[in-house]
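What follows is the residue order along each chain.
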Amino acid sequence: MRTFLTIVFILVCIALTILVLMQEGKSAGLGSIGGAAETYWGKNKSRSMEGKMVTITKYLAIAFIVLAAILNISRF
């Protein structure tokens, strides 16, 4: 069981690293000063690919923390 959890943990780590590197920065440049961030695309960002990547990143981060805690507790 520990071996399976370790393999899943490694896969989550790799996926989390790749997703974080693929995401754009949060700063929108000078367009955010004039309110350009509140356009149609800014309001529907959760439906876009970037919004989905943010959601998947959140779930992978939660899985990372849970698996790290489980693997640390099961060490004893």
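Residues numbered from 1 in each chain as written. Predicted model: local features only at pLDDT ≥ 70, side-chain atom pairs only at ≥ 80, totals over all residues. Heavy atoms only, no water.

### Notes on the overall build of the protein
Across its full length, the protein holds 3 helices and 0 strands. The buried share of the protein, reckoned over its 76 residues, is 17%. Partitioning the contacts of the protein with sequence separation of at least 6, the portion at a separation of at least 24 is 92%. Of the roughly 6,200 Å² that the protein leaves accessible, carbon and sulfur atoms contribute 70%. (Helix = DSSP H or I, 4+ residues; strand = E, 2+ residues; numbered from the N terminus. Buried < 20%, exposed > 50% of the residue type's maximum accessible area, 1.4 Å probe, protein only. Contact = heavy atoms within 4.5 Å. Areas by Shrake-Rupley, 256 points an atom, 1.4 Å probe, with all protein chains shown as cover.)

### Observations concerning a nonpolar patch on the surface
A grouping of Ile 10, Ile 14, Ile 18 and Met 22 is seen on the molecular surface, where their side chains present a nonpolar patch of about 380 Å² in accessible area. Overall, Ile 14 belongs to the partly exposed group, its relative accessible area being 46%. (Patch = residues over 30% accessible without salt bridge, like charges linked within 9 Å, V, L, I, M, F, W, Y side chains within 5 Å. Salt bridge = Lys/Arg side-chain N within 4 Å of Asp/Glu carboxyl O.)

### Section: helix H1 (residues 2–22)
The α-helix winds at 3.6 residues per turn, so residues separated by three or four positions along the chain end up facing the same way. Between its first and last C-alpha, H1 extends 30 Å over 21 residues, near the 30 Å set by a 1.5 Å rise per residue. Residues of H1 that are buried: Leu 5, Phe 9, Val 12, Leu 16 and Leu 19. Buried residues of H1 fall within an arc of 100° about the axis and therefore sit on the same side. Exposed positions of H1 whose direction lies more than 90 degrees from the buried face are Thr 3, Leu 11, Leu 21 and Met 22. Those residues of H1 that are buried lie in contact with helix H3 (49–73). (Expected span 1.5 Å × (residues − 1). Arc of directions from axis to C-beta.)

### Some details on the packing of aromatic side chains
Each aromatic ring pair is characterised by the separation of its centres together with the angle its planes make. The tally for this structure, following the rule as stated, stands at 1 aromatic pair. Note on Phe 9 and Phe 64: the rings are 5.2 Å apart at their centroids and 20° apart in plane angle, and the pair reads as stacked. Of the two residues, Phe 9 sits in helix H1 while Phe 64 sits in helix H3, which places them 55 residues apart along the sequence. (Phe/Tyr/Trp six-rings, centres within 6.5 Å; stacked < 30°, edge-to-face > 60°.)

### Quick word on the nonpolar core
One finds Leu 5, Phe 9, Val 12, Leu 16, Leu 19, Met 53, Leu 60, Leu 67 and Leu 71 forming the largest nonpolar core, which totals 9 residues. At the level of secondary structure, the elements contributing two or more residues to this core comprise H1 and H3. The element that contributes the greatest number of residues to this core is H1, accounting for 5 residues. Not counting chain neighbours up to four residues away, the residues in contact with Leu 19 comprise Met 53, Ile 56, Thr 57 and Leu 60. (Core = buried A, V, L, I, M, F, W, Y, C linked by side-chain atoms within 4.5 Å.)

### Concerning the confidence of the model for the protein
Averaged over every residue, the pLDDT of the protein is 82; residues scoring 70 or more account for 72%. The lowest-confidence element of the protein is helix H2 (residues 40–43), averaging 56 in pLDDT; the highest-confidence one is H1, averaging 95. (pLDDT = per-residue confidence, 0-100.)

### Quick look at H3
The end-to-end C-alpha separation of H3 is 36 Å, in line with the 36 Å expected for 25 residues at 1.5 Å each. Within H3, burial applies to Glu 50, Gly 51, Met 53, Thr 57, Leu 60, Leu 67 and Leu 71. Looking at the buried positions of H3, the neighbouring elements they touch are H1.

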